[in-house]
Amino acid sequence: MDSTTAKPVTARIPVGISACLLGEKVRYDAQHKRSAFCNEVLSQYFAFQPFCPEMAIGLGAPRPTIRLVGQPGDLRAIQATETPRDVTDDLALYADTVLSQQIQLCGFVFTEKSPSCGLFRVRAYNGKGNTLNDSSRGVFARRITERWPLLPVEESGRLNDVDLCENFVLRVYAFHEWHNTVLPSVTPHVLIRFWSSYKYLVLAHDEKTYRQIGPRLANLAVDNFPALANEVFEMLMRALEKPSTRASNTNALQHLRGFIKNSIDDVEKQTINTLINQYRAGHVPLIVPLAMLRHLLARYPDAYANDQRFLNPYPDALGLRNRK
């Protein structure tokens, strides 16, 4: 990487998705839950790879429904056939197969409420048929997230929330960059450059981690450098899971403005300061001060500041920062 590489990749990134969200009629009622946003917007940037665990284990469509049954921490996926069938282990085994064969995946979009693919608040029942108050996760989704805990995941319905969507997308791009650009040839120099480029994006999400990673990189002459590199990546991904706020984004903007404060004239200084303050007050979206900051950094380049992923964590055409 050099100081001109703070731009997201242009090739579509491989991301897993519940097949019904792409319009495939694989649900229990032989219908689909096509997501317009995934098909018409995200598909321009993500190369979606569809999976339907229930079809994959041979249940067919249409099929008797599956319920999560048991107690919190010990839920089983039971198909409501004449003789109830426990398909928990089959779904988990299929998840293991996906993980072993699809290591290039950089994210996963699941369908909500599904006993196999739901990520949040999947309905579960006790042995008497009463609804449990526990917030459950589908068997397939749970296995994927347990075995691959840093993989960016989200439910399709939650992508309608711009903040959740933006957070998911930027994590997919970070995950992809690490696994496709950094990890194949990671060295102390490469690791430092990677962290340096993500420094202010992490600051906007988790200041505590921002302050912790630097000291971890103070001594790269360790016996187990690969373990250190993986630790830094895990810290970074965990930090990016936390939502940014207007206050934390303002902090990052102000840090980046500091790199050119001695280069810009009084009018430019007043303009960028005004736009940052307007953003913090909620009067304009993030893209407004960000666009001005990019303009100033193009006019007065600073190698370190221009390399910051905070400026371009994903393609502008997604428009996520126009509403944030």
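Residues numbered from 1 in each chain as written. Predicted model: local features only at pLDDT ≥ 70, side-chain atom pairs only at ≥ 80, totals over all residues. Heavy atoms only, no water.

A.B. asks: Could you give an account of the overall build of the protein chain, with specific residues and numbers?
C.D. replies: Counting its regular elements, the protein chain contains 12 helices and 8 strands. Expressed along its principal axes, the backbone C-alpha trace of the protein chain runs to roughly 80 × 50 × 35 Å. Evaluated residue by residue, the protein chain yields a buried proportion of 49% over its 324 residues. In the protein chain, the share of contacts with a sequence separation of at least 24, taken over all contacts with a separation of at least 6, comes to 69%. Approximately 15100 Å² of the protein chain is accessible, and the part contributed by carbon and sulfur atoms is 49%. Between the mean site of the 38 positive side-chain charges and the mean site of the 32 negative ones, the protein chain shows a separation of 3 Å. (Helix = DSSP H or I, 4+ residues; strand = E, 2+ residues; numbered from the N terminus. Buried < 20%, exposed > 50% of the residue type's maximum accessible area, 1.4 Å probe, protein only. Contact = heavy atoms within 4.5 Å. Areas by Shrake-Rupley, 256 points an atom, 1.4 Å probe, with all protein chains shown as cover. Lys, Arg positive; Asp, Glu negative; His and termini not counted. Charge placed at Lys NZ, Arg CZ, Asp CG, Glu CD.)

A.B. asks: Tell me about the sheet that holds strand β5 (residues 85-86), and please be specific about residues and values.
C.D. replies: Strand order across the open sheet formed by 4 strands is β5-β4-β3-β7, with mixed pairing between neighbours. Looking at the sheet topology across the chains shown, the edges are occupied by β5 and β7 (124-125). Pairing analysis gives 2 bridges linking strand β3 (residues 66-71) to β7, with the strands arranged parallel. Residue pairing in the sheet places Val 69 in a bridge with Tyr 125 of β7. Together, β4 (74-79) and β5 form the strand contacts of helix α3 (residues 88-101), whose direction differs from that of β4 by roughly 100°. (Pairing = 2+ DSSP bridges. Axes fitted to C-alpha atoms, helices over the stretch in contact; angles between N-to-C directions.)

A.B. asks: Go over the packing of helix α9 (residues 246-257) against helix α11 (residues 287-299), please, and point to the residues and values.
C.D. replies: At a closest axis distance of 11 Å, the pairing of α9 and α11 adopts a crossing angle of 15°. It follows that α9 is roughly parallel to α11 by the angle criterion. The crossing of α9 and α11 is left-handed. Contact with α9, carried on its side by Leu 253, Leu 256 and Arg 257, involves Pro 289, Leu 290 and Leu 293 of α11 and no other residues of that element. Partitioned by chemical class, the residues of the contact of α9 with α11 number 5 nonpolar, no polar and 1 charged. (Parallel < 35°, antiparallel > 145°, perpendicular 65-115°, else oblique. Left-handed = near helix turned anticlockwise from the far one by under 90°. Nonpolar A, V, L, I, M, F, W, Y, C, P; charged D, E, K, R; others polar.)

A.B. asks: So what's going on with helix α8 (residues 225-241)? Residues and values would help.
C.D. replies: For α8, with 17 residues, the first-to-last C-alpha span of 25 Å sits near the 24 Å given by 1.5 Å per residue. Every buried residue belonging to α8 is among Phe 225, Leu 228, Ala 229, Val 232, Phe 233, Met 235, Leu 236, Met 237, Ala 239 and Leu 240, and all of these are buried. Against α5 (162-182), α6 (188-203) and α7 (207-216) lie the buried residues of α8. (Expected span 1.5 Å × (residues − 1).)

A.B. asks: Describe in detail the nonpolar core, supporting the description with residues and values.
C.D. replies: Membership of the largest hydrophobic core comes to 103 residues, with the highest contact counts inside it found for Phe 46, Val 109, Phe 110, Phe 140, Val 169, Leu 236 and Phe 310. In terms of residue count, the dominant contributor to this core is α5 (11 residues). Residue contacts for Val 169: discarding those within four places in its chain leaves Leu 42, Phe 46, Tyr 314, Leu 318 and Leu 320. (Core = buried A, V, L, I, M, F, W, Y, C linked by side-chain atoms within 4.5 Å.)

A.B. asks: Just give me the short version of the environment of Gly 214, but keep the residues and values in it.
C.D. replies: Among the structural elements, Gly 214 can be located in helix α7. For Gly 214, a relative accessible area of 33% translates into the label partly exposed. Measuring from C-alpha to C-alpha, the distance between Gly 214 and Lys 199 comes to 9.2 Å, with 15 residues separating the pair along the chain.

A.B. asks: Tell me about the sheet that holds strand β6 (residues 108-110), and please be specific about residues and values.
C.D. replies: Strand order in the open sheet formed by 4 strands is β2-β1-β6-β8, with parallel pairing between adjacent strands. Where the open sheet ends on each side, the last strands, each with one partner, are β2 (46-51) and β8 (153-155). Mean inter-strand twist for the sheet, computed between neighbouring axes without regard to direction, equals 25°. As defined by bridge partners, strand β1 (residues 13-18) adjoins β6 across 2 bridges and the pair is classed as parallel. Opposite Ile 17, over in β6, you have Val 109 as the bridge partner.

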